[in-house]
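# Understanding the architecture of this molecule
Each chain, written out:
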Amino acid sequence: MMHHPSPDLFFKTVKMYQQTAALKAALELGVFTAIGNGCVTASAIAVQCDTSTRGMRMLCDALVVFEFLVKAEDSYGLTAESAMFLHAQSPDYLGGVTDYLLSPMMAEAFAHLTTAVRKGGTALKNDGFLASDHEAWLRYAQAMTPVIQLPARLMAEQIDVRADRPLKVLDIAAGHGLFGIAFAQRNVHTHVTVLDWPNVLSVAKENARKLGVWDRFSVVEGSALTVDFGANYDVVILANLLHHFDRETCVQVLRKVYGCLAPGGCALILEFVPHADRVTPPEDAAFVLVVLATTPGGDVYPFKELEAMCCDAGFNCCSLHPLGQGEQSVVMAKK
């Protein structure tokens, strides 16, 4: 059968902001939580969410079309995914992630994407999100905490250590601190040092207290490019850091990491790692637009490029480990 070109993809993409806006409005109004708690008609949901019945009916019908809700006659229900991830009382609730992903600063970065393409880096002032103490990182640490706990545990499982062996861990650009904290939870003899800007470290400190590892937790304030890391770490974590920088800067950071590791220690580099073609898998490859919009010289690096950087920094063995949960993989570089 002959394939006839269709404009469907064009129109679907151009209108995607409408779907995003509908989801954002539903989260802000508490629609999914109201339905999950038994308010299933437009009028009942409207009362619970303090809206007009007409507006709520229109929003909920759109959410059915977008596959976030189901509808039977005049009653609405949650899909299994909405019940798990969009009901505010669910332990797996992800709604807070929009505080970062749909923030005005992220929207501004993408609003100037044309300029970013022309210049080859962010059109935002002061190096975009790399500016010191940028509010983006506090928002990121606060919003992404619910999303990171499982990947953090999976990363910690990459290191096979005896439960009674002391472990010294450094978490660079730690944000929420959950990657380092996962090691401390897995091994009660682990001491974790987290490094980040002072305003962001407030989130890591709170998580360390809440998760019961505060007595084995230290903080270092400042930039990964300039601060002294210390020495003799068994594990150094670089989670979502290298894609912010060009290759030369990545190697500079990796040399510092190599220098602070104990003999036999390893770096764990969590990144979006596309294949060599840079367009597959789509979830990892598409992240390149975020990097272009928000950083002056960063990139999304295939494994072979990350491996070459690690070799230039002194590491002698690199391997790639998909986490098996969503996007991203861990590059393990051994000293």
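Everything below is about the structure printed above this text.
As the structure is a computational prediction, the values presented were derived from the model and not from experiment.

## Considering the overall build of the protein chain
In terms of helices and strands, the protein chain carries 16 helices and 9 strands. Taken over C-alpha atoms, the radius of gyration comes to 22 Å for the protein chain, in line with the 20 Å a tight globule of 335 residues would show. By the burial criterion, 45% of the 335 residues in the protein chain qualify as buried. Taking contacts inside the protein chain between residues at least 6 apart in sequence as the whole, the part at least 24 apart equals 68%. In the form shown here, the protein chain has an accessible surface area of approximately 16,900 Å², with 56% of it arising from carbon and sulfur atoms. Where the 26 positive side-chain charges of the protein chain centre and where its 35 negative ones centre are 3 Å apart.

## What to know about the packing of helix α13 (residues 247–260) against helix α16 (residues 303–313)
Contact geometry of α13 with α16 gives a least axis separation of 8 Å together with a crossing angle of 50°. In terms of orientation, α13 lies oblique with respect to α16. Where α13 crosses over α16, the two elements pack in a sense that is right-handed. Contacts between α13 and α16 involve R247, C250, V251, L254, R255 and Y258 from the first element and A308, M309, C310, D312 and A313 from the second. For the contact of α13 with α16, the per-class residue count stands at 8 nonpolar, no polar and 3 charged.

## Here we look at the nonpolar core
Judged by nonpolar contacts, the single largest core of 47 residues is most densely connected at Y100, F183 and L268. Aside from chain neighbours lying at most four places away, what touches F183 is M155, A156, I159, L167, V169, T190, V235, I237 and L268. In terms of nonpolar packing, the next biggest core, distinct from the first, is built from 32 residues, F245, L254, Y301 and L306 among them.

## Topic: a nonpolar patch on the surface
Taken together, the side chains of F10, F11 and V14 make up a nonpolar region of the molecular surface, amounting to roughly 310 Å² of accessible area. Relative to the assigned elements, F10 resides in helix α1 (residues 8–14).

## Structural notes on the pattern of salt bridges
All chains considered together, the criterion is met by 8 salt bridges. Of the charged contacts, one joins E28 and K24 as a salt bridge, the two residues approaching to 2.5 Å between their closest N and O atoms. Of this pair, E28 and K24 both sit in helix α2 (residues 16–29), 4 residues apart, which is roughly one turn of that helix. A salt bridge links E305 to R278, with the shortest nitrogen-to-oxygen separation between them at 2.5 Å. With E305 in helix α16 and R278 in the loop between β7 (261–271) and α14 (282–285), this pair connects stretches of sequence that are 27 residues apart. Taking the relative accessible area as the measure of exposure, E305 reaches 30% and is therefore partly exposed. A residue is classified by how much of its surface remains accessible, and R278, at 33% relative accessible area, is partly exposed. Through salt bridges with shared partners, a single network forms among R278, D299 and E305.

## Concerning the sheet that holds strand β9 (residues 329–334)
The strand order across the open sheet formed by 7 strands is β5-β4-β3-β6-β7-β9-β8, and the pairing between neighbours is mixed. Bordering the open sheet on either side are β5 (217–221) and β8 (317–322), each of which pairs with just one other strand. Strand-to-strand twist of the sheet, defined as the mean angle between neighbouring strand axes without regard to direction, takes the value 20°. Relative to strand β4 (residues 190–196), strand β3 (residues 167–172) is paired through 6 bridges, and the arrangement is parallel. From the neighbouring strand, K168 faces β4, where its bridge partner is H191.

## Topic: helix α8 (residues 104–111)
Here α8 has its buried residues at M105, M106 and A109. Buried residues along α8 cover an arc of 100° about the axis, so they all sit on one side. Within α8, the exposed residues directed more than 90 degrees away from the buried face are P104 and A111. Considering only its buried residues, α8 is in contact with α7 (98–101), α9 (113–119), α10 (135–156) and α15 (288–294).

How each quantity is defined
Residues numbered from 1 in each chain as written. Predicted model: local features only at pLDDT ≥ 70, side-chain atom pairs only at ≥ 80, totals over all residues. Heavy atoms only, no water. Helix = DSSP H or I, 4+ residues; strand = E, 2+ residues; numbered from the N terminus. Rg over C-alpha atoms; globule rule 2.2 N^0.38 Å. Buried < 20%, exposed > 50% of the residue type's maximum accessible area, 1.4 Å probe, protein only. Contact = heavy atoms within 4.5 Å. Areas by Shrake-Rupley, 256 points an atom, 1.4 Å probe, with all protein chains shown as cover. Lys, Arg positive; Asp, Glu negative; His and termini not counted. Charge placed at Lys NZ, Arg CZ, Asp CG, Glu CD. Axes fitted to C-alpha atoms, helices over the stretch in contact; angles between N-to-C directions. Parallel < 35°, antiparallel > 145°, perpendicular 65-115°, else oblique. Left-handed = near helix turned anticlockwise from the far one by under 90°. Nonpolar A, V, L, I, M, F, W, Y, C, P; charged D, E, K, R; others polar. Core = buried A, V, L, I, M, F, W, Y, C linked by side-chain atoms within 4.5 Å. Patch = residues over 30% accessible without salt bridge, like charges linked within 9 Å, V, L, I, M, F, W, Y side chains within 5 Å. Salt bridge = Lys/Arg side-chain N within 4 Å of Asp/Glu carboxyl O. Pairing = 2+ DSSP bridges. Arc of directions from axis to C-beta.

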